[in-house]
Amino acid sequence: MKNEIKVILDTVRTLNKKKEIWSYLTSIEYMVKSKLYVDSIYYDASKVAQHISGKSYKVLDFGTGSGIFAIILRNLNKNAKICAIDTYHDKSQKDPNFKDTSSEQKLIWNEFNKVFKIDFTHYDELSIPFPDNTFDIITAYAVIEHIEPRELDKILNELKRVLKKDGLFFVFKTPRKLAYAERLAGLMRLGCHDILYGDLEVKSIFLKHHFDILSNWKSNMVFEFPGIITNLFYPILKPLDSLLYYSPFRIFAHHNNFVLRKHF
Ligand SMILES: C[S@@+](CC[C@H](N)C(=O)[O-])C[C@H]1O[C@@H](n2cnc3c(N)ncnc32)[C@H](O)[C@@H]1O
């Protein structure tokens, strides 16, 4: 297990006072235990790292959650200055067991800041607390679909404001309307997203905000969760994911991913 994943798991386990119930910290442990999930997050972070390649860039991880993506980015990019923000109140989260999310985040962020030197902050969803043109790169990992569509324009304007001209905006893991995994999870009453985006629909949102779409790819052909099951079948699921990706079945891939550029 990579050292940063071990630090995340140890911190979450130590600070989780409600181990027995399904809480925010328990959910982080649940996710990080899936080998396929951890593989995909490293793969995605390496795409961002290629663009940083040792430069002292300023990077914002937007909707950082536990901070896992920011932490992996930090370890791939020692010279980058990494900031991470999340909302005080995630309106997409309806489960009452998650009502303490922001205080639980503060607990773990405090520890992660000491080890990984990342500035974590909450914000009010109105204004992102940084001056104009601050960041070279912004990342949003599995975030866009958690924002109410009527608020998305305002938030994209804010993200654009704090991104430098020609800065890059990486949007990872936006669930697709055609994703078979979402349909199946919905039928089985497992966690699924309320908001799904069609391929053209999500592209048109970015184009409306005058982002150039530098690249767009689909990902995640097989289920990553629950890790307790997917880890057992990891040696089969891992190559199967690649096999299906290069087959016509890709039309049912779970996610869309984008590299966008602010051109003015
Ligand atoms: C599925 S989680 C992903 C968290 C993290 N990026 C990761 O990959 O582990 C979605 C995140 O979006 C955040 N979020 C929801 N609405 C938001 C908003 N308006 N502004 C910023 N973040 C938001 C949630 O609080 C949550 O942390």
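Structure: above.
None of the values given here were measured: they were computed from a predicted structure.

About the criteria used
Residues numbered from 1 in each chain as written. Predicted model: local features only at pLDDT ≥ 70, side-chain atom pairs only at ≥ 80, totals over all residues. Heavy atoms only, no water. Patch = residues over 30% accessible without salt bridge, like charges linked within 9 Å, V, L, I, M, F, W, Y side chains within 5 Å. Areas by Shrake-Rupley, 256 points an atom, 1.4 Å probe, with all protein chains shown as cover. Salt bridge = Lys/Arg side-chain N within 4 Å of Asp/Glu carboxyl O. Helix = DSSP H or I, 4+ residues; strand = E, 2+ residues; numbered from the N terminus. Contact = heavy atoms within 4.5 Å. Near = heavy atom within 4 Å. Polar contact = N/O pair within 3.5 Å; in protein donor to acceptor, adjacent residues only side chain to side chain. Nonpolar A, V, L, I, M, F, W, Y, C, P; charged D, E, K, R; others polar. 1 Å grid on protein atoms, 1.4 Å probe; cavity = no way out; pocket = protein on both sides within 12 Å on 5 of 7 lines; lining within 4 Å. Points joined across faces, edges and corners; volume = space filled by probe spheres on them. Buried < 20%, exposed > 50% of the residue type's maximum accessible area, 1.4 Å probe, protein only. Pairing = 2+ DSSP bridges. Right-handed = clockwise from strand over helix to strand, strands pointing away.

A. Representation of a nonpolar patch on the surface in the model. There is a patch of nonpolar side chains on the surface, built from Ile228, Ile229, Leu232, Phe233, Ile236, Leu240 and Leu243 and spanning about 750 Å² of accessible area. When residues of the nonpolar patch are traced back to their parent elements, those giving at least two are α9 (227-230) and α10 (234-245). The dominant element in the nonpolar patch, judged by the number of residues it contributes, is α10, at three residues.

B. Molecular detail of the environment of Ile137. Mapped onto the elements of the fold, Ile137 is located in strand β4 (residues 135-141). Residues Ile137 and Ile82 lie 55 residues apart in sequence; the distance between their C-alpha atoms is 9.7 Å. Apart from the residues lying within four places of it in its own chain, the contact partners of Ile137 are Val48, His51, Ile52, Tyr57, Lys58, Val59, Leu60, Leu163, Leu168 and Phe170.

C. Fine view of the site of the ligand. Within the structure, the ligand sits among 17 residues, and Gly63, Thr64, Asp86, Tyr123 and Tyr141 are positioned closest to it. Residue Asp86 places a side-chain N or O atom 2.5 Å away from an oxygen atom belonging to the ligand. Between the ligand and Tyr123 there is a distance of 2.8 Å, counted from a nitrogen atom to a side-chain nitrogen or oxygen. When the free accessible area of the ligand is taken as 590 Å², the share hidden by the protein chains comes to 88%. A breakdown of the residues in the shell around the ligand according to their chemical character gives nine nonpolar, five polar and three charged.

D. Structural view of the layout of surface pockets. By volume, the second largest pocket amounts to about 490 Å³. The wall of the second largest pocket is formed by 18 residues, among which Tyr43, Ser219, Asn220, Asp241 and Ser242 lie closest to the centre. Listing elements by their share of the lining of the second largest pocket, those giving two or more residues are α3 (35-52), β6 (211-219) and α10. Among the residues forming the lining of the second largest pocket, the class breakdown is six nonpolar, four polar and eight charged.

E. Looking closely at the pairing of strand β5 (residues 163-175). β5 sits mainly inside the fold: 10 of its 13 residues count as buried. Two elements, β4 and β5, share six bridges in a ladder whose sense is parallel. Bridged to Ile138 within β5 is Phe169. For the handedness criterion, the β-α-β arrangement of β4, helix α6 (residues 149-162) and β5 is classed as right-handed. Looking at chain direction, β5 and strand β7 (residues 255-262) are connected through six bridges and run antiparallel. By the bridge assignment for β7, Thr174 is matched with Asn256.

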